[in-house]
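Here is how the chains run, residue by residue.
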Amino acid sequence: MFTKEQIERAANYIYQYMSATPQYSWPQINNRVGCSVVVKHENHTPIGAFKARGGLTFASWLRANHPNVEGIITATRGNHGQAQAFAAVMAGIKPVVLVPHGNSVEKNNAMRSFGAELIEYGNDFNECLIEVSRLAKERNLFIVPPFHEQIMLGVATYGLELFSAAPDLDRVYVPIGCGSGICGTITARNALGLKTEIIGVVSNQFSAAKKSFESGTITGTGPANSFADGMAVRVPVPEAYSIYSEGAERIIEVNDDEIAEATRIYFKDTHNAAEGAGAASLAAALKERDQLKNKKVGVILTGGNIDTDTFRQILAGETPKP
């Protein structure tokens with residue numbers, strides 16, 4: 001875990017490449033949830049998602065500790081790959097990104113535009129991870145893991161911004177994929193000495209983090225599908241699990257219908273686009289509305305990178321079928 005001073009230094013580095021993102025309390029969302037809600041708008045970064053922060057701190061660490069590295073390789077469903085490509089190119093490093101077949105076309109195009117060599121492989125994220133190890137050896141590339149302490153350090157800067165602006169939050173809802181978001185939020189909370197409850201949110205189709213949290217041991221789940229691809233992780237990352245298993249209050253599930261409705265609400269009430277994982281924390285707050293009277297809660301809008309066709313379906317009142 002990092003100190004407040006370490007997170008502040010990371011933030012000052014990040015602000016050379018992007019601005020701090022806003023946190024707003026929207027009256028219509030407050031009315032829907034039945035309490036004061038602060039939305040952290042990580043959809044306002046240069047890549048449209050919170051992972052820009054971790055990409056920057058990881059690239060800085062890589063340049064300082066492995067100066068001869070010429071290329072990196074990583075697996076992603078989208079935002080992690082965009083972040084690593086965005087940061088690596090600015091650091092003079094070649095990025096190679098693997099995505100599963102059937103991945104978001106628009107996220108794929110975004111990764112290419114940021115400079116990534118994009119390779120489609122396998123049917124899901126976990127199959128991509130296996131191929132990353134093989135290609136890294138074959139092409140002498142540095143593997144960027146889905147979770148790394150330097151990525152978490154960068155992500156913790158959004159927590160620093162949020163908690164500095166709203167230190168009186170009773171709880172914060174954070175979606176869980178590979179875990180940098182919830183771990184960064186826990187890190188910032190602890191560094192500032194706050195008592196805010198951190199509530200993890202998972203898709204009911206990808207509930208491994210919840211099952212692991214509740215059983216006390218890492219537990220995987222089988223293949224599944226959800227349009228909330230940022231949470232489509234079947235096996236918890238052990239390093240992340242070790243942090244959120246201790247630092248989170250609990251983990252709850254939301255389904256695709258609830259996520260789609262939260263996505264519609266964001267657009268109706270704030271005119272912000274939210275991708276599936278980005279809307280999941282609001283879906284969770286709405287689901288627990290009865291618990292939140294007289295509370296002040298935070299929700300992390302982790303990203304807005306939703307495909308046009310998917311967004312069109314949601315605005316038409318449908319739940320997209322992955």
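Reading the values: rules and limits
Residues numbered from 1 in each chain as written. Predicted model: local features only at pLDDT ≥ 70, side-chain atom pairs only at ≥ 80, totals over all residues. Heavy atoms only, no water. Helix = DSSP H or I, 4+ residues; strand = E, 2+ residues; numbered from the N terminus. Buried < 20%, exposed > 50% of the residue type's maximum accessible area, 1.4 Å probe, protein only. Contact = heavy atoms within 4.5 Å. Axes fitted to C-alpha atoms, helices over the stretch in contact; angles between N-to-C directions. Parallel < 35°, antiparallel > 145°, perpendicular 65-115°, else oblique. Nonpolar A, V, L, I, M, F, W, Y, C, P; charged D, E, K, R; others polar. Pairing = 2+ DSSP bridges. Right-handed = clockwise from strand over helix to strand, strands pointing away. Salt bridge = Lys/Arg side-chain N within 4 Å of Asp/Glu carboxyl O. Core = buried A, V, L, I, M, F, W, Y, C linked by side-chain atoms within 4.5 Å. Expected span 1.5 Å × (residues − 1).

Draft legend 1. Quick look at unusual backbone geometry. Despite not being glycine, Asn-140 has its phi angle at roughly 55°, a positive value. Tracing the backbone through its elements, the reader meets Asn-140 in the loop between helix H6 (125–139) and strand E6 (142–143). Judged by relative accessible area, which is 70%, Asn-140 ranks as exposed.

Draft legend 2. Representation of the side chain of Ser-207. Among the secondary structure elements, Ser-207 is positioned in the loop between strand E8 (197–203) and helix H9 (208–215). Once residues lying within four places of it in the same chain are set aside, the contact partners of Ser-207 are Val-202, Thr-221 and Glu-253.

Draft legend 3. Structural view of the packing of helix H1 (residues 4–14) against helix H3 (residues 51–65). Packing of H1 against H3 brings their axes to within 10 Å, and their N-to-C directions diverge by 95°. As summarised for this structure, H1 and H3 are arranged roughly perpendicular, according to the angle between their axes. Within the contact between the two elements, H1 uses Ala-10, Tyr-13 and Ile-14 and H3 uses Arg-53, Leu-56, Thr-57 and Ser-60. Of the residues belonging to the contact of H1 with H3, the class tally is 4 nonpolar, 2 polar and 1 charged.

Draft legend 4. A look at the pairing of strand E5 (residues 117–120). As paired elements, strand E4 (residues 94–99) and E5 share 4 bridges and run parallel to each other. Bridge pairing in E5 places Leu-98 opposite Ile-119. Considered for its hand, the β-α-β crossover made up of E4, helix H5 (residues 105–113) and E5 is right-handed.

Draft legend 5. Up close: the environment of Ala-284. Checked against the element boundaries, Ala-284 lands in helix H12 (residues 276–287). As a C-alpha pair, Ala-284 and Val-299 span 15 residues in sequence and 8.9 Å in three-dimensional space. Contacts of Ala-284, omitting those with residues within four sequence positions, involve Tyr-173, Val-201, Ile-252 and Val-254.

Draft legend 6. Examining the environment of Gly-317 more closely. Here Gly-317 lies in the segment after helix H13 (308–315). Note on Gly-317: relative accessible area 48%, which makes it partly exposed. Separated by 224 residues in sequence, Gly-317 and Ile-93 have C-alpha atoms that sit 43 Å apart.

Draft legend 7. Layout of the pattern of salt bridges. Taken as a whole, this structure holds 20 salt bridges when the rule is applied. Note that Lys-40 and Glu-161 form a salt bridge whose closest N and O atoms lie 2.7 Å from each other. Taken as a pair, Lys-40 in strand E2 (residues 36–41) and Glu-161 in helix H7 (residues 149–165) lie far apart in primary sequence, 121 residues in all. The exposure classification of Lys-40 matches that of Glu-161, with both residues buried. In this structure, Glu-288 and Arg-250 form a salt bridge, with 2.6 Å as the shortest nitrogen-oxygen distance. Highlighted residues: Glu-288 in the loop between H12 and strand E10 (296–301) and Arg-250 in strand E9 (residues 250–254), separated in sequence by 38 residues. Judged by relative accessible area, Glu-288 falls into the buried class, the value being 8%. Within this structure, Lys-40, Glu-42, Arg-53 and Glu-161 form a network of salt bridges that share partners.

Draft legend 8. Summary view of the nonpolar core. Of all hydrophobic cores here, the largest spans 55 residues; its most connected members are Ile-73, Val-172, Ile-182, Cys-183 and Tyr-244. Ranked by size, the runner-up nonpolar core spans 33 residues in total, among them Ile-199, Leu-282, Ala-283 and Ala-285.

Draft legend 9. Quick look at H12. Counted at 1.5 Å a residue, the expected span for H12 with its 12 residues is 16 Å, and the 16 Å between its end C-alpha atoms agrees. With 10 of 12 residues buried, H12 is to be regarded as a mostly interior element. Restricting attention to buried positions, one finds in H12 the residues Gly-276, Ala-277, Gly-278, Ala-279, Ala-280, Ser-281, Leu-282, Ala-283, Ala-284 and Ala-285. Those residues of H12 that are buried are in contact with helix H2 (27–33), strand E7 (171–175), E8, E9, helix H11 (256–270) and E10.

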